[in-house]
Amino acid sequence: MTAEPPSAPAARRTTLIARVERIFDHAADTRSLFLSLTGGKHLRFVPGQFISITIPLSNETRSRPYSIASDPEERGSFEICFNRVEGGHGVAWLFERQVGELLDFSGPFGAFTIDRAPAPQLCFIAEGTAIAPIRPMLKRALASSPSPKVELIYAAPDREHIFYAAEFDALARTAPGLSYETVIAPAEKIYDRLFDLAQARWVAGDTDRTRHFYICGVGKGVLRLRDLLRGAGYERRSVHYEQW
Amino acid sequence: MAKLRIQFENGDPEKVIEFDPAKAPFHHDGKPGSILDVMLGHGVHLEHACGGNCACTTCHVIVKQGFNKLGESSEQEEDLLDKAPGLTPTSRLGCQAVVDDPDAEIVVVVPRYTINQVSEAAEE
């Protein structure tokens, strides 16, 4: 019980309104919405941040986070990318949105970000739609001066779920510091494969412990990777991660 | 009954919640029985931009009393707190700090910086 009846809540966030400008289906279960702020303004964010979208559900609303998949420098609209998940009411609601509709959201939020490359060697690891925050982070890192050496390891259960594939292929051809590699494995084996790869390449196969890691994915596999790398001597603050 | 007293650094009126931890969850966001869960379930707002999933710091609170009565923090929570504005030795994420002692008396402050941070429109 409260000593006072519930009143206007403290610390309410400022809500912004975005219009759905465009819809793009990456796969049958994965979609991007391109959103623009009403009033012609531009959303200011740092690569890696997310917005919190207000989702109406029966007699209440909930806020759910969606990473921004586009670059802050892109004018006009910004992109969120998401996939259907079992019991995911927020995503189901987003899948019903049409071009021209308005969404309430707040943000951007999040500290899993990169403003410039923090070390000469960076490694990005993502799986499926968790590539969303990594995509602008990768490009921001590559634009840093001096240019870092960057590895992108992108895992999915099949080729269809490697999103932005053409873009990453093109980047790997044109960005001299970038090494891009995909890992295709059954969904339940993805983190085993990533763990083995990390163990072989950055733990057993290299004594350098100065590189920074940025890991994004779903479930406890992300924490297994974190623990492997930190346990192998990489500094805590050089192993960045976001677990969905 | 456990007691949670919430003070707001921006001067909003203090709230006091009495609750039975055994009846958690009180809401649907945050760990069951967490400060966030208790607050939301009793009509007191606390920001939680990531949905209470330990992926941001917007539910940062400073524990003024009863810090040792809260469940231990995880490495993930510690990593996030590391990036929280206004971090103190008794900072916790509201979504992760669970009250399970029925006799606990917890006092928390919602920092002004956190409130300001989530209230700024990020437009240009």
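Residues numbered from 1 in each chain as written. Chains lettered and ligands numbered in written order. Predicted model: local features only at pLDDT ≥ 70, side-chain atom pairs only at ≥ 80, totals over all residues. Heavy atoms only, no water.

Novice: Explanation requested: helix 4 (residues 190-204) of chain A in the structure shown.
Specialist: In an α-helix, one full turn covers 3.6 residues, which means residues spaced three or four apart are oriented alike. Residues and elements named next belong to chain A. Look at helix 4: 20 Å from first C-alpha to last across 15 residues, which is about the 21 Å you get at 1.5 Å a residue. When helix 4 is considered as a whole, its buried residues turn out to be Ile190, Tyr191, Leu194, Leu197, Ala198, Trp202 and Val203. In this structure, the buried side of helix 4 is in contact with strand 7 (121-127), strand 8 (149-156), strand 9 (178-184), strand 10 (212-217) and helix 5 (221-231). (Helix = DSSP H or I, 4+ residues; strand = E, 2+ residues; numbered from the N terminus. Expected span 1.5 Å × (residues − 1). Buried < 20%, exposed > 50% of the residue type's maximum accessible area, 1.4 Å probe, protein only. Contact = heavy atoms within 4.5 Å.)

Novice: Explain the environment of phenylalanine 168 of chain A here, please?
Specialist: Residue and element names in this part refer to chain A. Along the chain, the position of phenylalanine 168 falls in helix 3 (residues 165-174). Classification of phenylalanine 168 by relative accessible area gives buried; the value is 1%. On a C-alpha basis, the gap between phenylalanine 168 and proline 47 in space is 17 Å, while along the polypeptide they are 121 residues apart. Excluding its chain neighbours within four sequence positions, the residues that come into contact with phenylalanine 168 are Ile131, Arg135, Leu138, Leu152, Tyr154, Phe163 and Tyr180.

Novice: What is the right way to look at the sheet that holds strand 4 (residues 60-67) of chain A in this model?
Specialist: The strands that make up a sheet pair up through hydrogen bonds in the backbone, lying either parallel or antiparallel. All names here are of chain A. With respect to topology, six strands assemble into an open sheet ordered 4-3-6-1-2-5, the strand pairing being antiparallel. Among the strands making up the open sheet, the edge pair consists of strand 4 and strand 5 (78-83). On average, adjacent strands in this sheet sit at an angle of 40° to one another, irrespective of strand direction. Both strand 3 (residues 50-57) and strand 6 (residues 102-109) contribute to a ladder of three bridges, which runs antiparallel. Paired with serine 52 across the strands is serine 106, a residue of strand 6. (Pairing = 2+ DSSP bridges. Axes fitted to C-alpha atoms, helices over the stretch in contact; angles between N-to-C directions.)

Novice: How should the sheet that holds strand 5 (residues 105-110) of chain B be read in this particular structure?
Specialist: All names here are of chain B. Within the open sheet, the five strands sit side by side as 2-1-5-3-4. Their pairing is mixed. Of all the strands in the sheet, just strand 2 (15-19) and strand 4 (91-93) have a single pairing partner and so form its edges. Going from strand to strand, the sheet's axes swing by 30° on average, the running direction of each strand aside. By the bridge criterion, five bridges tie strand 1 (residues 2-8) to strand 2 in an arrangement that is antiparallel. Bridge pairing in strand 2 places leucine 4 opposite isoleucine 17.

Novice: Mind showing me how you'd approach the pattern of salt bridges here?
Specialist: Oppositely charged side chains may form a pair once their charged atoms are brought near each other. Residues and elements named next belong to chain A. Following the criterion strictly, the structure yields 25 salt bridges over all chains and no others. Linking arginine 140 and aspartate 115 is a salt bridge whose minimum nitrogen-to-oxygen distance equals 2.7 Å. In this pair, arginine 140 is assigned in helix 2 (residues 131-142) and aspartate 115 in the loop between strand 6 and strand 7, connecting sequence segments 25 residues apart. A relative accessible area of 53% places aspartate 115 in the exposed class. Of the charged contacts in the structure, one is a salt bridge between arginine 201 and glutamate 151, with a shortest N-O distance of 3.6 Å. Of the two residues, arginine 201 sits in helix 4 while glutamate 151 sits in strand 8, which places them 50 residues apart along the sequence. In this structure arginine 201 comes out as partly exposed when scored by relative accessible area, which is 28%. (Salt bridge = Lys/Arg side-chain N within 4 Å of Asp/Glu carboxyl O.)

Novice: Can you walk me through the environment of alanine 156 of chain A in this structure?
Specialist: Along the polypeptide, alanine 156 of chain A turns up in strand 8. Taking the C-alpha atoms as reference points, alanine 156 of chain A and alanine 185 of chain A, separated by 29 residues in sequence, lie 6.4 Å from one another.

Novice: Explanation requested: the nonpolar core in the structure shown.
Specialist: For soluble globular proteins, the rule of thumb is that nonpolar side chains tend to be buried together. Among the nonpolar cores identified, the biggest contains 32 residues, and Leu122, Phe124, Ile134, Leu138, Leu152 and Phe168 of chain A are the most heavily contacted of them. Among the secondary structure elements, those contributing two or more residues to this core are strand 7, helix 2, strand 8, helix 3, strand 9 and strand 10 of chain A. Broken down by element, this core gets its largest block of residues, seven residues, from helix 2 of chain A. Discounting residues that sit within four places of it in the chain, leucine 138 of chain A has contacts with Phe124, Val150, Leu152, Phe168, Leu171 and Leu178 of chain A. In terms of nonpolar packing, the next biggest core, distinct from the first, is built from 29 residues, Phe19, Ile35, Cys59 and Val108 of chain B among them. (Core = buried A, V, L, I, M, F, W, Y, C linked by side-chain atoms within 4.5 Å.)

Novice: Which parts of the structure should I look at to understand the state of the cysteines?
Specialist: Here a disulfide denotes a covalent bond joining the sulfur atom of one cysteine to the sulfur atom of another. All names here are of chain B. Inspection of every chain in the model, using the stated rule, returns zero disulfides over all chains. Between cysteine 50, a cysteine without a disulfide, and cysteine 56, which holds the nearest cysteine sulfur, the sulfur-to-sulfur distance is 3.8 Å. A residue is classified by how much of its surface remains accessible, and cysteine 56, at 4% relative accessible area, is buried. (Disulfide = S-S within 2.5 Å.)

Novice: Looking at this structure, how should I read the packing of aromatic side chains?
Specialist: For any pair of aromatic rings, geometry is given as the distance between the ring centres together with the angle between the planes. Residue and element names in this part refer to chain A. Taken as a whole and assessed by the stated rule, the structure comprises twelve aromatic pairs over all chains. With a centroid separation of 5.3 Å and 90° between ring planes, the pair formed by phenylalanine 82 and phenylalanine 95 is classed as edge-to-face. Taken together, the residues phenylalanine 82 in strand 5 and phenylalanine 95 in helix 1 (residues 89-95) connect sequence positions 13 residues apart. Ring centres 4.9 Å apart and planes at 85° place the aromatic pair phenylalanine 213 and tyrosine 234 in the edge-to-face group. You can see phenylalanine 213 sitting in strand 10 and its partner tyrosine 234 sitting in the loop between helix 5 and strand 11 (239-243), a full 21 residues away along the chain. For the pair phenylalanine 213 and tyrosine 234, one class covers both residues: buried. (Phe/Tyr/Trp six-rings, centres within 6.5 Å; stacked < 30°, edge-to-face > 60°.)

Novice: How do you make sense of the packing of helix 2 of chain A against helix 3 of chain A when you look at a structure like this?
Specialist: Geometrically, a packed helix pair is captured by the angle between its two axes and the distance between the axes. All names here are of chain A. Packing of helix 2 against helix 3 leaves a shortest axis separation of 13 Å and a crossing angle of 20°. Classified by the angle their axes make, helix 2 and helix 3 are roughly parallel. By crossing handedness, the relation of helix 2 to helix 3 is classed as left-handed. Contact with helix 2, carried on its side by Ile131, Arg135, Leu138, Lys139 and Leu142, involves Glu167, Phe168 and Leu171 of helix 3 and no other residues of that element. Taken together, the residues of the contact of helix 2 with helix 3 break down into five nonpolar, no polar and three charged. (Parallel < 35°, antiparallel > 145°, perpendicular 65-115°, else oblique. Left-handed = near helix turned anticlockwise from the far one by under 90°. Nonpolar A, V, L, I, M, F, W, Y, C, P; charged D, E, K, R; others polar.)

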